[in-house]
Each structure stands twice: as structure tokens, then as C-alpha cells.
Amino acid sequence: MQKKRLFSRIAVASVAALILAGCSSGSDSASDSGVPKIDMMKKLGAGEGQVNVVAWAGYVENGSTDPKVDWVTGFEKDTGCKVNVKNGATSDDMVALMKTGEYDVVSASGDASLRLIYGGDVAPVNTDLIPNYADIFKNLKMQQWNSVGGVAYGIPHGRGANLLAYRTDIVKPAPTSWGSVFDANSPYKGKITAYDSPIYIADAALYLMATQPDLKIKYPYALDQAQFDAAVALLKVQKPLIGEYWGDYLKHVASLKSGGTVLGTTWQVNINLAKGEKVPVEGIKPTEGSTGWSDTWMISSKAKNPNCAYLWMNHIASPAANAAVAEWFGEAPSNAKSCALTADPNHCATFHAADDAYWADVYYWNTATETCLDGRTDVKCVPYSEWVKAWSSLRNS
Amino acid sequence: MLDSVATAMHRRPRLRLAALLTAPVLWLVVAYLGALATLLVTAFFTIDSFTGNVVRKFNLDNFHDMLTDAAYKNVVLRTLGIAISVTLLCSVLAIPMAFYMAKIAKPKSQKILVALVLTPLWASYLVKIYAWRTMLEPGSGVVDWLLGPIGIHSPGFGGPAIIIGLSYLWLPYMILPIYAGLERLPNNLLDASGDLGAHNFYTFRKVILPLIFPSLVAGSMFTFSLSLGDYITAQIIGGKLQMLGNVVYQNFSINLPFAATIATIPVSIMALYLYLVRRTGALASM
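Residues numbered from 1 in each chain as written. Chains lettered and ligands numbered in written order. Predicted model: local features only at pLDDT ≥ 70, side-chain atom pairs only at ≥ 80, totals over all residues.

(A) View of the overall build of chain B. Within chain B, the regular secondary structure consists of 13 helices and 2 strands. Compactness check: chain B gives a C-alpha radius of gyration of 24 Å against a globular reference of 19 Å for 286 residues, more than 25% above the reference. Relative to its 286 residues, chain B shows a buried fraction of 33%. The contacts in chain B between residues at least 6 apart in sequence include a share of 68% that link residues at least 24 apart. (Helix = DSSP H or I, 4+ residues; strand = E, 2+ residues; numbered from the N terminus. Rg over C-alpha atoms; globule rule 2.2 N^0.38 Å. Buried ≥ 20, exposed ≤ 12 C-beta atoms within 10 Å, placed from the backbone. Contact = placed C-beta atoms within 7 Å.)

Put into C-alpha cells, the structure is as follows:
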């Protein structure tokens, strides 16, 4: 009898919990089509003592990876803002982390920045409060991925290309084309890697853009259904060649080192880390060009430490910090004055910081939308949510 | 003061019961059932395709996507296969081990053996799986080095590696309940069976196995459910293979409602499993 009563109480309570859950879900309004109106900061106040950062691995280094690589400790001493960093493995990770509201700033790539802006997760940035903004390269400011309607939503950080990594002692002759990772008869079958994110579909589209002109792909993030299907079909051909897809960059570097991976897409920073461990590895931008990124520091609309966040954005855009991070990560800096401060005087030349021709065939990550980003109006393009589904299906088939 | 409270409690059994149960019931309802209910509700929501914000409108699209895409059927079958293999492998390894511990080893070494079985649990899950990653590394790993000369090669990263890794992780959870079950089993039953002319295997099949069956079921609930929900092992030593947990992990940041939909699969499989276990009567004699 007693037992029964207890159960009935539990039942009542769980029903109550369900109703509560239902109520709370009703109170949040669904997102609307326009950009949510969020006020930008007017005046800088005193630092809050800490700032919570979501960043790509290698963007926020305090000397714990390599004692010589440190542009955080000085900032912490000068401003009293302790920097807590959380690395995101993919843009999707970063969007999810920013949605929690627990982080103040994020280094968002182009395939995350617009989603964050339209999702109301980031606030406009008052560039007057960031003195170093003045020195940023002009052609990186107020671009399609970091501003909406003439309002800046972030501070450009730097840009780079996704490279083709190969073990120089194993892969001979050295590859020159992305074709080497899509070749069904590759001698390196089982030792090829690819980036574990839906955005990798663009890499397949980029290769098709160069090799199958019939498909008429103009921009790898604007794919109509037929073009999209061709890209996914190519990835299905590639799957048997793949040993591991990589999302965790440390595991990826370990795999390059052990020889489990000998060929595949990578970032310059991974090449640098592997070379640091004496791994015979090289990274190239293949003849077809490459996908890449142009990153932006953005501030959360729910930032709990907005002052430290602004101080951080100003610091990371400063010539010294921007030079250090660009050199460590292996990307082109965004601050024009950085080029004079890199340890390697040729860094800006090597990474083509001011060389617009080099960037002509680098397609920065972008968020695919139903409205084709290449300007076509006669067809509908496949939106990013479908990319996610296709990727999930490919990975689990 | 304390005495008077105790006296008051003693006089009012209802109050006593309430004081005793409030905390656990709250935990059960809010943290446990509440989370499950939220999961179930979220599974029927959808997301804004551009911003990724959850749109709280009831629909069945997620279930439709899940049921029509063959990839998800494959991953369910694959995960079930792995969980069943891990459970079988663990039982096959655990029964002789537990039998030795409970019936053959001297009382003194019994304690040492129990401690030894428990020691792997002191190390972090991640450390153990990364250790397996190094060991199974094709060509350079210790498995190839050790077994290569006799013609056995590392399976590389994939399904077999996941089964090995998970079996290693969950083996103690299988050994301990079987050991406890065997310890309760009176030795004279085995002697009687032998005296009546039964062979060892016959004794095992007809006497030991039925008596330790509840323990085996208890162990299998651990190994099966833990394997069913695992995703880290698959991430580290699974190569490009994915389990159900990986699908959830892959989707929860981009499409939380779809991840919730996928997460209802292991929940229902476990519910079915427990129902089947209940029908065998093993739960009652546990």
C-alpha cells in the first residue's frame, strides 16, 4: 500500500516536472529572420578580473604549450584579466559553446560568424573602443562575414588556407593536387585523413570546381542540389581511403607522427607542431586552390566580463600579439604593423599577408544558405543544415 | 535536542518517511526523470536551419529523418553488435577468472586477486584508451611487435579495436558480480554433482550456470549499457567507425533536437533489455 502511494507521488511529481518543462519552453521566443537588435558597448569600464574565451587551438597561448610561445601572461599582468580559454575543434563546436552564454569572446570563422550574428549570440563591436582596429588591413574590415548592414560585429584576426599535408618520407612523389586524397586507387589507402566537419564538403566541391567544369561550380559554399550530390558522391568514393577523420588536432598530429596518417587536409599549425616533434611532414596549397579561413574576434551578447573582453580584443589585435599568434598558428596577420614584428622577417611574405593574388583561389569558410551565395537566383542552394545531415549520414553509413 | 527530534520522528512515521525520502525522490524526479523527460520533449523540436537555434514547435521530422536514412539503421545495428560482442567477450573471460578467484584460489590470495581486478578502475578511462591506441597502432604498436612473429597482426583502428577496448574497460564490472555469485554457491553442490557422476562441463552447465545466471545478468547490464552509450572509445580507437554515442555527440552542438531523437534509441533498447531481463526472473533473485 505504502509502496503504491509512493509511486503515485512520483508519478504526480514527474507529471509536474513535464508541465514545468513545457512551460519554460514556451517562454523563449523563436528566432526571427532579421538580425536581433543588441546594443553595443558605449564606454569601457574597469576590468572584471577574468575573461572566458572560445578559440581555435593555438590562438590563445600562455606558455603552457611552449614556454617561448606566450602572449597571454603579459596581458593578464597589465589588465588584471585572467584569461580562461576553451578550444573549439570545429565551427559548430564554437557556435554551440557561444550559445551557452558562459563565454565572453570567440574567434569565429566565416562559417560561424554569420550564424552567431543572426542567432543573436554576439553583439556589435564598438570599434572606437579598440585603438588597434585602425591598423587592421582595409580589405579585411567590414566584410560579408564580420559585419551586417554597415555595423561591425568583430575584429579581424588573421587568415590562412587549409593545406594538404603529406609525410615527405612516405608519399613519393610529393602531391600537388587534392586529387591525391580522392583517388580511389591511391597507394596510401587507409592512411589518408579528412577534416571531420560538414564544412569539408566544400573541399570536395572545390576539387570538383577545378576538375569537372560541367558541374559549373563557381563557389564551393553555393551548391545547388546536383552540385551538392556530386560533392557528397565524391566523399563517398573517398571514405574507403580514409583511416581516420580528424577533429582533435592533437590526435591528428600524433597520427602524422606515428605514420597512421600520411596524407590529407591540415592546418599550418599542425605541420608546425609535427615538425617540432621531428616528423618529416610538409604542407602545400595544391594547384586547385584551397578552402581557408578568415577569423574574427566577436563578443558574446551575454558577456559577463565585457570590459575584459574588449581589452582582450584590443590586445589580440595589437601588432605584437597579432604577429606572435600569426607566426605560431601559421597564418597571415590582420594588423598591418604586425609584419614588422614577426620573429621571421619574411613571415608576412611567406603567408602572403598583403598579397591579394594569393588569396584569389582561397575560399574562406562560409555558411551555405538557401539563397545561393554566388549570386545565382534561378536555383535554390543547399543550406548548411542539409550539409550537416549529409555529413552525419556519410560518417555513419 | 537531537533526542527530542528523534522522538518526534519515532512518533510520526509519515514525517520519518518524508524526511528519509525527500532528497532521493527529488533527485530521482528532477535530475533523472526530469532530464529524460526533457530529452523526450526536445526530440520533437526542430532547429532554425541558419542560426541553429532550437525552434520549439512540435513535429516528427527528426524521427522521419532517423527512420528513413539507412545510415542510422546501420549505426544502430553496429552499436548493438559491438555491445553484444563486448558482453559476450566479457562473460567468456570473466567466468573462469571469477571461478578461480572464488573456488580455487586460497583465501589469502583471493583478496589480492579482487584487489588486482579492481586496480584498472583506479586509472582514468582516457589514459587506458590512449594506451590501447598506442598498443594497437598498426606497424609500430606493441601488439604487432609481440604477436607479429607468430603471424597475428593488430586489427588496426575500427570495430575489433573498439570491442577489445570496451571489453578491457568493463571487464571488472562483469567479474565482480559473478565472483560474488560464485562465492555464495556452496561447494558441496559441486561435490554432489561430481559424486553423482557428472563431468566438469556438465556440472558447469547444469549446476553452476543456472545458479550464477542472475550475477551474469547483473554484469551484462553493466557491460551492455556502458557499451551502448560509449563514444569516446570509438573516437580514439574506432578509426572512422561511429557508434550511436558519436552520432549524438556529432549532432548535439549543431542540431540538439536530432541528437535527442537519436538518444531515444539507446534508452528504448535499454528499456527493452531490462524488460526481457525481468521476464527471465533474474531481477527477482538478484
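(B) Highlighting the confidence of the model for chain B. Per-residue pLDDT for chain B averages 87, and the proportion of residues at 70 or more is 97%. On the interface metric, ipTM, the complex scores 0.74, and its pTM is 0.79. (pLDDT = per-residue confidence, 0-100.)

(C) Structural context of the nonpolar core. By size, the foremost hydrophobic cluster in this structure holds 122 residues, and its most contacted members are A:Val105, A:Ile201, A:Ala205, A:Trp312 and A:Met313. Here this core takes 8 residues from helix α5 (residues 201-211) of chain A, the largest share from any one element. Structurally, this core is a two-domain feature, drawing no fewer than three residues from each of domain 1 (50-160 + 293-364) and domain 2 (163-266 + 367-396) of chain A. Residues contacting A:Val105, with those up to four places away along its chain left out, are A:Val51, A:Val53, A:Trp297, A:Met298, A:Ile299, A:Ser300, A:Ala309, A:Trp312 and A:Met313. Counting 54 residues, the second largest nonpolar core, distinct from the first, contains B:Met101, B:Trp132, B:Met221 and B:Val248. (Core = buried A, V, L, I, M, F, W, Y, C linked by C-beta atoms within 7 Å. Domains from an automatic or database assignment.)

(D) Structural detail: unusual backbone geometry. Residues and elements named next belong to chain A. The linkage connecting Lys 172 with the following residue, Pro 173, adopts the cis geometry, with an omega of -5 degrees. With respect to the element layout, Pro 173 can be found in the loop between β8 (163-167) and β9 (192-195). The backbone of His 352 sits at a positive phi, close to 55 degrees, despite the residue not being glycine. Checked against the element boundaries, His 352 lands in the loop between α11 (347-350) and β15 (362-364). His 352 sits in the partly exposed class, given 17 other C-beta atoms within 10 Å.

(E) Spatial organisation of the sheet that holds strand β12 (residues 281-284) of chain A. Residue and element names in this part refer to chain A. In spatial order, the strands read β10-β9-β11-β8-β12; together these 5 strands make up an open sheet with mixed pairing. Of all the strands in the sheet, just β10 (242-246) and β12 have a single pairing partner and so form its edges. For this sheet, the mean inter-axis angle between neighbouring strands, taken without regard to orientation, is 25 degrees. Inspection of the sheet shows β9 paired to β10 by 4 bridges, in the parallel sense. The residue bridging Thr 193 from the neighbouring strand is Glu 244, located in β10. Against the sheet, helix α7 (residues 249-258) makes contact with β8, β9, β10, β11 (263-266) and β12, and its axis sits at roughly 150 degrees relative to β10, the strand it touches most. (Pairing = 2+ DSSP bridges. Axes fitted to C-alpha atoms, helices over the stretch in contact; angles between N-to-C directions.)

(F) Representation of the interface of chain B and chain A within the structure. Facing 35 residues of chain B, the contacting portion of chain A comprises 33 residues. Looking at the side of chain B that touches chain A, the elements with two or more residues in it are α2 (13-42), α4 (70-104) and α12 (244-252) of chain B. It is α2(B) that contributes the most residues to the side of chain B that touches chain A, 8 residues altogether. Residue composition of the side of chain B that touches chain A, by class: 14 nonpolar, 15 polar and 6 charged. (Nonpolar A, V, L, I, M, F, W, Y, C, P; charged D, E, K, R; others polar.)

(G) Molecular detail of the domain arrangement of chain A. All names here are of chain A. Domain assignment breaks chain A into domain 1 (50-160 + 293-364) and domain 2 (163-266 + 367-396). Of note, the centres of domain 1 and domain 2, computed from C-alpha atoms alone, are 26 Å apart. Counting from both sides, the interface comprises 9 residues of domain 1 and, opposite them, 10 residues of domain 2. Looking at the side of domain 1 that touches domain 2 residue by residue, the classes come out as 4 nonpolar, 2 polar and 3 charged.

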